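Given next are the chains, with one letter for each unit.
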Amino acid sequence: MHDIRFIRENPQAFDAGLARRGLPAQAEALIALDEKRRSVITGLQAAQERRNALSREIGEAKKAKDEARAEALMAEVAALKDAMQAGETAERAAIAELDAALAAIPNLPKRDVPDGPDESANVERHRHGDKRTYGFQPKEHFDLGEALGQMDFEAAAKLSGARFVVLKGQLARLERALGQFMIDLHTTEHGYTEVSPPLLVRDEAVYGVGQLPKFEEDLFRTTDDRWLISTAEVPLTNLVRESILSEEELPQRFTALTPCFRSEAGSAGRDTRGMLRQHQFSKVELVSITTPEASAEEHERMLAAAEAVLKKLDLHYRVVTLCTGDMGFASQKTYDIEVWLPGQGAYREISSCSVCGDFQARRMRARYRPRDVKEPRFVHTLNGSGTAVGRALIAVMETWQNEDGSITVPPALAGYMGGITRIEKTG
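This is a predicted model, so every value here is computed, not measured. (Residues numbered from 1 in each chain as written. Predicted model: local features only at pLDDT ≥ 70, side-chain atom pairs only at ≥ 80, totals over all residues. Heavy atoms only, no water.)

With respect to the overall build of the protein
From N to C terminus, the protein includes twelve helices and 18 strands. Taking 2.2 N^0.38 as the reference for a compact globule, 427 residues should give roughly 22 Å; the C-alpha atoms of the protein span a radius of gyration of 28 Å, well beyond that estimate. Its C-alpha atoms put the protein at 105 × 45 × 40 Å along the principal axes. Each of the 427 residues in the protein was classed as buried or not, and the buried ones make up 50%. Long-range pairs, those at least 24 residues apart, make up 72% of the contacts in the protein between residues at least 6 apart in sequence. Surface exposure of the protein reaches about 20,400 Å², of which carbon and sulfur atoms provide 48%. Of the charged side chains in the protein, 56 are positive and 65 negative, and the gap between their average positions amounts to 2 Å. (Helix = DSSP H or I, 4+ residues; strand = E, 2+ residues; numbered from the N terminus. Rg over C-alpha atoms; globule rule 2.2 N^0.38 Å. Buried < 20%, exposed > 50% of the residue type's maximum accessible area, 1.4 Å probe, protein only. Contact = heavy atoms within 4.5 Å. Areas by Shrake-Rupley, 256 points an atom, 1.4 Å probe, with all protein chains shown as cover. Lys, Arg positive; Asp, Glu negative; His and termini not counted. Charge placed at Lys NZ, Arg CZ, Asp CG, Glu CD.)

If you want it as structure tokens, here you go:
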């Protein structure tokens, strides 16, 4: 959420930031809503001051035994009471109207974010490794998995419908191994604290990270009005909601391996085959809570932690900086890691690392108290995939495939696979 004081003091800069996002100017309308709110509050304060003064005058009138004047003053107090109740209702409505308007506006991009309307304007930052060459035509993951008899989309469709998969045998173990490998790497080498969070959260938690109200259709809601998490970013970031931390407690770094649930409401016709776009998938999430001064450096650190996963799995990838038209709602700046899929012959996103500034912190009321400063400040939040387990499974299958359809297990996963070095068709 944006700071209305910043908008009042910097309307042109605010609208310029929105323009980079392809959005119309909104500062004037927001300031008008704030003026309405301030006017209602000013009226309430004046009414309260008048009520206090009348109370004193009533006391003086009674002391002077001027009952007529006392009665008249009490009638004015009663009228003021009704007016103040109406004013308080108007104040709540004005605050809600302003908050709703602010909540629907995305974060402003950092200055070094490239401008552009969509993913075509993303800027490549660097690449790691080389594309493998094969003495055969590499297959896509679903052809490999189905031929192995260990990836079953038909059974999943009978159970749950489209965009689900049943993994069996060694492929199921490989998926589990990837998640455990990632969570161990981030906790032992990158300084993240492992968390096992709830998968069901309340409105406030989803609102806090910026997914409500704008992205309600992308989420699954339960019959008791909770939400299935679309990413562990939701519970992990909200661990600091409504709190004031000391500067010595920062940074805080959390990681979790969880199932994630997404409706994929806007993805009709996209990636309908295979595991690339599922309603349910596993992901290792990284979340950092830090000071404004340290957030840019923390962003680079988080990117390096996510990259380490792919490096250890010996996967070719590239890192791109997303342009203003392709960034997420809450992001100030985002790096995407795109892994190379030989079977598909394309780079596909496997991790997205974003710095959000104080955008989420304002929604969560998450603050910290700097050293030797009385007034608390909002923390900065960051989140990233470390990485998407299902997409990592796809990348390992396609990268490490053999001509006979078997899949070599990357050496980094040897300790998690119980001695299995190659996934082959069984039975």
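Still more to cover.
Side note on the side chain of Arg241
Residue placement: Arg241 occurs in the loop between helix H9 (233-237) and strand E8 (243-246). Within polar-contact distance, the side chain of Arg241 engages the backbone oxygen of Glu204 at 3.2 Å. Those residues within four positions of Arg241 in sequence are excluded, and the remaining contacts are Glu204, Ala205, Gly208, Met364, Arg365 and Ala366. (Polar contact = N/O pair within 3.5 Å; in protein donor to acceptor, adjacent residues only side chain to side chain.)

Digging into the sheet that holds E8
Judged by pairing direction, the sheet is mixed, and its three strands sit side by side in the order E8-E14-E15 without closing on themselves. Looking at which strands have only one partner, the edges of the open sheet turn out to be E8 and strand E15 (377-378). With four bridges joining them, E8 and strand E14 (residues 366-369) adopt parallel strand pairing. Bridging from a neighbouring strand, Ser246 pairs with Arg369 of E14. (Pairing = 2+ DSSP bridges.)

Description of the pairing of E14
If a strand is regular, its side chains alternate between the two faces of the sheet. Here E14 shows a buried face lined by Ala366 and Tyr368 and an unburied face lined by Arg367 and Arg369. One ladder, built from two bridges, connects E14 with E15; its direction is antiparallel. Across the sheet, residue Tyr368 finds its bridge partner in E15, namely Arg377.

Some details on unusual backbone geometry
Following Leu250, the chain continues to Pro251 via a peptide bond in cis, the omega torsion being 0°. Here Pro251 is to be found in the loop between E8 and strand E9 (252-261). The residue after Gly386, namely Thr387, is reached through a cis peptide bond having omega 10°. Among the secondary structure elements, Thr387 is positioned in strand E16 (residues 380-388). The backbone of Glu242 sits at a positive phi, close to 50°, despite the residue not being glycine.

Structural notes on the packing of aromatic side chains
One pass over the full model with this rule turns up five aromatic pairs. With a centroid separation of 4.9 Å and 65° between ring planes, the pair formed by Trp340 and Tyr347 is classed as edge-to-face. Each member of the pair Trp340 and Tyr347 is classed as buried. One aromatic cluster is present, built from ring pairs that chain together Phe215, Phe329 and Phe359. A cation sits over an aromatic face here: Arg125 above Tyr335, 4.6 Å from the ring centre. Of note, Lys214 hangs over the ring of Phe215, and the distance from its end group to the ring centre comes to 5.9 Å. (Phe/Tyr/Trp six-rings, centres within 6.5 Å; stacked < 30°, edge-to-face > 60°. Lys NZ or Arg CZ within 6 Å of the ring centre and 35° of its normal.)

Some points on the sheet that holds strand E6 (residues 220-221)
Read from one edge of the open sheet, three strands run E5-E7-E6, paired in antiparallel fashion. Since the sheet does not close on itself, it has two edges, and those belong to strand E5 (200-201) and E6, each with one partner. In terms of strand pairing, E5 meets strand E7 (residues 227-228) through two bridges, oriented antiparallel. Within the sheet, the bridge partner assigned to Val201 lies in E7 and is Trp227.

Considerations on helix H10 (residues 295-312)
Over its 18 residues, H10 runs 26 Å from end to end, which matches the ideal 26 Å to within 8%, given 1.5 Å per residue. Every buried residue of H10 is accounted for by Ser295, Glu298, His299, Met302, Leu303, Ala305, Ala306, Glu307, Ala308, Val309 and Leu310. (Expected span 1.5 Å × (residues − 1).)

Regarding the state of the cysteines
Applying the stated criterion across every chain, the model contains zero disulfides. Free cysteine: Cys260, not disulfide-bonded; nearest cysteine sulfur from Cys353 at 15 Å. Looking at Cys260, the relative accessible area reads 0%, which means it is buried. Free of any disulfide, Cys323 has its nearest neighbouring cysteine sulfur in Cys356, separated by 17 Å. The exposure class assigned to Cys323 is buried, which follows from its relative accessible area of 0%. (Disulfide = S-S within 2.5 Å.)

Some points on the packing of helix H3 (residues 27-63) against helix H4 (residues 67-103)
The N-to-C vectors of H3 and H4 enclose an angle of 160°; their axes lie 8 Å apart at closest approach. On the basis of their axis angle, the class for H3 and H4 is roughly antiparallel. Crossing hand, H3 versus H4: left-handed. Grouping the amino acids of the contact of H3 with H4 by side-chain chemistry returns 21 nonpolar, two polar and twelve charged. (Axes fitted to C-alpha atoms, helices over the stretch in contact; angles between N-to-C directions. Parallel < 35°, antiparallel > 145°, perpendicular 65-115°, else oblique. Left-handed = near helix turned anticlockwise from the far one by under 90°. Nonpolar A, V, L, I, M, F, W, Y, C, P; charged D, E, K, R; others polar.)

Concerning the pairing of strand E13 (residues 346-355)
Of all ten residues in E13, eight are buried; the element is thus mostly enclosed. Looking at chain direction, strand E12 (residues 333-341) and E13 are connected through nine bridges and run antiparallel. Paired with Leu341 across the two strands is Ala346, which belongs to E13. Here E13 pairs with E16 via three bridges, running antiparallel.

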